[in-house]
Amino acid sequence: MGQTIIEKILSSHSGKSVQAGEIVVAQVDYIMGQDGTAPLAIQAFNEMGGKAVFDREKVAFVIDHSAPSPNEGVSALHKLMREFAKEKGFRLYDVGEGVCHQLIPESGRVGPGSLVIGADSHTCTYGALNAFSTGVGSTDLAGAIISGRMWFKVPETIKFVCHGVLPAGVYAKDLILYLIGAVTADGATYMAAEYTGEAIRALSQESRFTVANMAIEMGAKAGLMEADEKTFAWLRRFTDHKFAPVPADPDAAYARVLEYDVSALEPQVALPHQVDNVAPLGKVAGTPVQEAVIGTCTNGRLEDLRIAAGILRGRKVHPEVRLIVAPASRRVFLEAIEEGAIRDLVEAGAAVVTPGCGPCVGTHNGVPSDGENVISTANRNFKGRMGNSKAQIFLASPAAVAASALTGRITDPREYF
Amino acid sequence: MQFHGKAHKFSDNVNTDYIISGKYKFKTLDMKELARHVMEDLDPDFYRKITAGDFIVGGTNFGCGSSREQAPLAIKHAGISAVLAKSFARIFYRNAINTGLPVVECDTGEIESGDELLVDLAGGVITNKTRGVAIPVKPLPAVMIKVLNDGGLAAHFRKYGGFNFD
Ligand code: SF4
């Protein structure tokens, strides 16, 4: 019988041909921990009696979630990470380099067929590069850092076939929000998602990361796509390594195959306080917002900043709105400076913060006040997510966030085209 | 493994930000301190309502959201003996087992807050003493039973020097 993408990758990394339902111990190609999870992983590493990391070239820590540190508690944990990485001799990406899920793909170490684990739930992002990457906790991470291996249950796969082409003003973010709304927050729990169809193929590589990033918001273990010329062109910017594509077999078995036509899709918004609480933007258009956020591992890439700058250029952010922009990485930041997008955003009134997670997870950089509404390009709008459980978070595309920042109300970005 | 205590019921989709908010978990490795804030955004007084041995009871998709292992650890350090839910998010489920917090998949529709429960993991059954009903438990995969019996993944590694599932 044929295999899905994830069955193939778990087969090649466990040395035997596997199907959904089996439990395997597989080799991992790359391992990542961030400042919310790595400190506990260091503790677990010591508890396990760990001495060395299995391969110094295949482990990285990233300080991105609370970077630069907002208080001495965080500073102590950052120091612990720096010392551990230095002692064991592996790479640590420090304050200002960017969000882990931008940095790991930019490192060129992940591509088609790779198996990556990260102690961060959005590690599923690299599925856009035809890799199997998934989020784990700190103890699993420590076990993998020591042994280079981890156990997995081979998941079943749901295939999402997206037909048609997205209309102007409607983006990858709208597409994935729509899919999450359709299948709900646990629609793919214990399973992998494969995204395919002409609408996915038409997306830029950067947009594909946005789609894969949010697979976890439907409960999925991974969000995978096939590799094509766009994938390889993107990878060539970062590595000479020749990756072999891993396509799904035509006769692979799927738990479900869901087909959608996206040609008439409208801009979407996830309403407070659940990501699957999705509605067409029109339904909440006019809702006042006091904070707008562009960035995160979902939508902080150059393409996103460019789209936002296109709308904000020559205009001014509404006087009662704070617009916060966090580029996904230093590279993205520099490229956005070079092409003028940062100037456009800053002139319009944006506050640009350190490349990294920005205000996404409530540790710093823009905690909203009681009763405030935030519109954000992030991937989660849970109550309290941004550090205040009395604020409401709406999730949308960079274009919709930029348009809303201008008017002070949730606004359809197509009004600015 | 047998546990006896009262139920604290929550709704579907309890996410890891509710279990322990990011604003606390980034600051410290002191799990006793984190435990004080467990479920705070859903019920500000929750920590004070717990008697050691009690259960958290959820609906579907319990523990969705981030990979933070502080979530099961904060629950465990708050004195909760096990989490019962209709279904769990997969990272939370793994983390719970890895850190030695029992997680039990079962139909929680017949459990309300305050109910007195007897959870028998080996026997695969939950007795709701308040309502006089027995609720069957979905068995854990063998790999997970092994890790749980070893006292979590760290203890498993110490014991075998790596993965040992044969
Ligand atoms: S940007 Fe937000 S979702 Fe992404 S890794 Fe950082 S905290 Fe997590």
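1. So, the environment of Ser81 of chain B
Residue and element names in this part refer to chain B. Here Ser81 shows up in the loop between α5 (70-77) and β3 (82-85). A sequence separation of 50 residues divides Ser81 from Met31, and the C-alpha atoms of the two residues are 15 Å apart. Leave out the neighbours within four places in its chain, and Ser81 touches Phe3, Gly53, Asp54, Phe55, Leu101 and Pro102.

2. Comments concerning helix α5 (residues 138-147) of chain A
All names here are of chain A. Of all 10 residues making up α5, 8 are buried, and the element is well covered by its neighbours. Considered for burial, the residues of α5 that qualify are Ser138, Thr139, Asp140, Leu141, Ala142, Gly143, Ala144 and Ile145. Positive phi shows up at Gly148, right after α5, with a value of about 75°.

3. A few points about the pattern of salt bridges
Opposite charge on two side chains allows them to pair when their charged atoms are near. All names here are of chain A. In total, this model carries 28 salt bridges over all chains according to the counting rule given. The partner of Arg414 in a salt bridge is Glu266, with the nearest N and O atoms 3.9 Å apart. With Arg414 in the segment after α14 (398-407) and Glu266 in the loop between β11 (256-261) and β12 (268-270), the pair connects residues that are 148 residues apart, well separated along the chain. On the accessibility criterion, Arg414 (30% relative accessible area) is partly exposed. Connected via shared salt-bridge partners are Glu266, Asp412 and Arg414.

4. What to know about the domain arrangement of chain A
Residue and element names in this part refer to chain A. Considered domain by domain, chain A is made up of domain 1 (13-260) and domain 2 (269-416). Taking the mean C-alpha position of each, domain 1 and domain 2 sit 24 Å from one another. If you look at the interface, domain 1 gives 40 residues, while domain 2 gives 38 residues. The tally of links from domain 1 across to domain 2 stands at 3 salt bridges. Of the charged contacts in the structure, one is a salt bridge between Glu106 and Arg331, with a shortest N-O distance of 3.8 Å. Summed over the shared surface of domain 1 and domain 2, the result is 25 residue pairs in polar contact (both at pLDDT 80 or more).

5. Details of the side chain of Glu372 of chain A
Residue and element names in this part refer to chain A. For Glu372, the location among the structural elements is in the loop between β16 (351-352) and β17 (373-376). At a separation of 2.9 Å, a polar atom in the side chain of Glu372 contacts the main-chain amide nitrogen of Ser369. The residues touching Glu372, leaving out its near neighbours within four places in the chain, are Gln290, Arg322, Lys390, Ala391 and Gln392.

6. Quick notes on the sheet that holds strand β2 (residues 30-34) of chain A
Residues and elements named next belong to chain A. Reading across from one edge, β4-β3-β2-β5-β6 is the order of the 5 strands in this open sheet, with parallel pairing throughout. In the strand order of this sheet, the two ends are held by β4 (91-93) and β6 (132-135), each with one partner. Mean inter-strand twist for the sheet, computed between neighbouring axes without regard to direction, equals 20°. The sheet contact formed by β2 and strand β5 (residues 115-119) spans 4 bridges and is parallel. Considered in β5, the bridge of Ile31 is made with Ile117.

7. A short note on the interface of chain A and chain B
Every contact between the two is made by 54 residues of chain A and, on the other side, 42 residues of chain B. Both sides together, the interface formed by chain A and chain B hides about 4,000 Å², and carbon and sulfur atoms give 58% of it. Three residues stand out in chain A for area buried against chain B, namely Leu40, Trp151 and Tyr190 of chain A, and they jointly supply 17% of the buried area on that side. Our count for the chain A to chain B interface comes out at 2 salt bridges. Linking Arg94 of chain B and Asp140 of chain A is a salt bridge whose minimum nitrogen-to-oxygen distance equals 2.8 Å. Applying the counting rule to chain A against chain B returns 17 residue pairs in polar contact (both at pLDDT 80 or more). Those elements giving two or more residues to the side of chain A that touches chain B turn out to be β1 (23-27), α2 (38-47), α3 (72-88), β6, α5 and β7 (149-153) of chain A. At 6 residues, α5 of chain A tops the list of elements feeding residues into the side of chain A that touches chain B. The class makeup of the residues in the side of chain A that touches chain B is 19 nonpolar, 25 polar and 10 charged.

8. Section: the packing of α2 of chain A against α3 of chain A
All names here are of chain A. Packing of α2 against α3 brings their axes to within 9 Å, and their N-to-C directions diverge by 50°. In terms of their interaxial angle, α2 and α3 are classed as oblique. As for the relative orientation of α2 and α3, their crossing is left-handed in sense. Residues Ala38, Pro39, Ile42 and Phe45 of α2 lie in contact with α3, whose contacting residues are Leu77, Leu80, Met81, Phe84 and Lys88. Of the residues contributing to the contact of α2 with α3, the split by class is 8 nonpolar, no polar and 1 charged.

Conventions we followed
- Residues numbered from 1 in each chain as written.
- Chains lettered and ligands numbered in written order.
- Predicted model: local features only at pLDDT ≥ 70, side-chain atom pairs only at ≥ 80, totals over all residues.
- Heavy atoms only, no water.
- Helix = DSSP H or I, 4+ residues; strand = E, 2+ residues; numbered from the N terminus.
- Contact = heavy atoms within 4.5 Å.
- Buried < 20%, exposed > 50% of the residue type's maximum accessible area, 1.4 Å probe, protein only.
- Salt bridge = Lys/Arg side-chain N within 4 Å of Asp/Glu carboxyl O.
- Domains from an automatic or database assignment.
- Polar contact = N/O pair within 3.5 Å; in protein donor to acceptor, adjacent residues only side chain to side chain.
- Pairing = 2+ DSSP bridges.
- Axes fitted to C-alpha atoms, helices over the stretch in contact; angles between N-to-C directions.
- Buried area = accessible area lost by both parts, 1.4 Å probe.
- Nonpolar A, V, L, I, M, F, W, Y, C, P; charged D, E, K, R; others polar.
- Parallel < 35°, antiparallel > 145°, perpendicular 65-115°, else oblique.
- Left-handed = near helix turned anticlockwise from the far one by under 90°.

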